[in-house]
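# Report on the structure
Okay, here's what each chain looks like letter by letter:
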Amino acid sequence: MSKTNVEKKKKKAEKRKKLKQYVAQKGEMESETESKKKKQSLQATEEEKELTAEERRKLERKLKKERKKKEKQLMREAGISIKKVEPKKQSGSELALAYLTSWSENPEEWKFQKTRQTWLLLHMYDKEKVPDKYFTILLDYLQGLQGNARDLTVQKAEAFMKEFDDSNAEDPNLLDKCERIRQVLQLLS
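These numbers were taken from a predicted model, which means no experiment stands behind them. (Residues numbered from 1 in each chain as written. Predicted model: local features only at pLDDT ≥ 70, side-chain atom pairs only at ≥ 80, totals over all residues. Heavy atoms only, no water.)

## Describing the confidence of the model for the protein
Stated formally: A residue's pLDDT is simply how confident the predictor is in it, with values from 0 to 100. Elements are defined by DSSP. Helices are runs of H or I of four residues or more, strands are runs of E of two residues or more, and each kind is numbered from the N terminus.
Per-residue confidence for the protein averages 79 on the pLDDT scale, and 75% of its residues sit at or above 70. Of all secondary-structure elements in the protein, the lowest mean pLDDT belongs to helix H1 (residues 3-50), at 62, while helix H4 (residues 114-123) reaches the highest, 92.

Have a look at this one:
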């Protein structure tokens, strides 16, 4: 076995050991705190009779905060990192492409979303952001485009074509973009 594998196994074993110690400490603390809690609850019931509902809530929040602080301290001492895992949010492109797929595959449940349509119209000429498999669906979607969105799309496509004609570039990305522009103009004009 290589040295790195051995080191990794040692680190894992150390972490397991720390975690076991932490769990054991927490169990001991809980048993100690249970007797304290009983005493405190007896005292608290006498004090709580005198407290209003708002004061009681504040006290409960304060105690909860202190408990969490102690737990975090124990976790730090045990060497266990505390990280909040946030769910990964979908990017604008993923949401827009999912919107387009929903429009084509599930029209009954599909719902118009201005932001998704705007994203698609802004990025439809970029092959990386809107792959070919989605572009064919997008062309079908554009057939139903109405009003100002349709007019602006045609104007922008014509402006891009003039810009492309003036540049006379041989770049393959520009050629792909030009082909997409032609398809959109043929469809909407």
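## Overview of helix H5 (residues 132-143)
For clarity, the threshold we go by: What a helix should span is 1.5 Å times the count of its residues minus one. For every residue, the accessible area obtained with a 1.4 Å probe (protein chains only) is divided by the maximum for its type, and the residue is called buried under 20%, exposed over 50%, and partly exposed between those limits. In this analysis, two residues are considered to be in contact whenever any of their non-hydrogen atoms come within 4.5 Å of each other.
Given a rise of 1.5 Å per residue, 12 residues ought to cover 16 Å, and the 17 Å separating the end C-alpha atoms of H5 matches this to within 8%. Taken residue by residue, H5 has Tyr134, Phe135, Ile137, Leu138, Leu139, Tyr141 and Leu142 as its buried positions. Contacts made by the buried residues of H5 are with helix H3 (92-105), H4, helix H6 (147-167) and helix H7 (172-188).

## Points about the pattern of salt bridges
Threshold: Salt bridges are counted wherever a side-chain nitrogen of Lys or Arg sits within 4 Å of a carboxyl oxygen of Asp or Glu.
Summed over the entire model, instances satisfying the criterion amount to 4 salt bridges. Arg57 serves as the salt-bridge partner of Glu54, at 2.5 Å between the closest nitrogen and oxygen. With Glu54 and Arg57 both in helix H2 (residues 53-78) and 3 residues apart, this pair spans about one turn of that helix. Taking relative accessible area as the criterion, Glu54 reaches 37% and is therefore assigned partly exposed. Under the relative-accessibility criterion, Arg57 is labelled partly exposed at 41%. Close ionic contact of Lys127 with Asp176 constitutes a salt bridge, the shortest N to O distance being 3.4 Å. One end of the pair, Lys127, is in the loop between H4 and H5; the other, Asp176, is in helix H7, with 49 residues separating them in the sequence. Owing to a relative accessible area of 36%, Lys127 belongs among the partly exposed residues under this scheme. When salt bridges that share partners are traced, they join Lys127, Asp132, Asp176 and Arg180 into one network.

## Describing the packing of aromatic side chains
Centre-to-centre distance and the angle between the planes together describe a pair of aromatic rings. Condition: Aromatic rings from Phe, Tyr and Trp, taking only the six-membered ring of Trp, are treated as a pair when their centres fall within 6.5 Å; an angle between ring planes under 30 degrees marks them as stacked, one over 60 as edge-to-face, and anything in between as tilted. Note on criteria: charge over ring means Lys NZ or Arg CZ within 6 Å of the ring centre, with the direction from the centre no more than 35 degrees off the ring normal.
For the structure shown, the criterion picks out 5 aromatic pairs. Among the aromatic residues, those joined into a ring-pair cluster are Tyr99, Trp103, Trp110 and Tyr141. When the ring centre of Phe160 is taken as reference, the NZ or CZ atom of Lys177 above it lies at 4.6 Å. Taking the ring centre of Phe135 as reference, the NZ or CZ of Arg180 above it sits at 4.3 Å.

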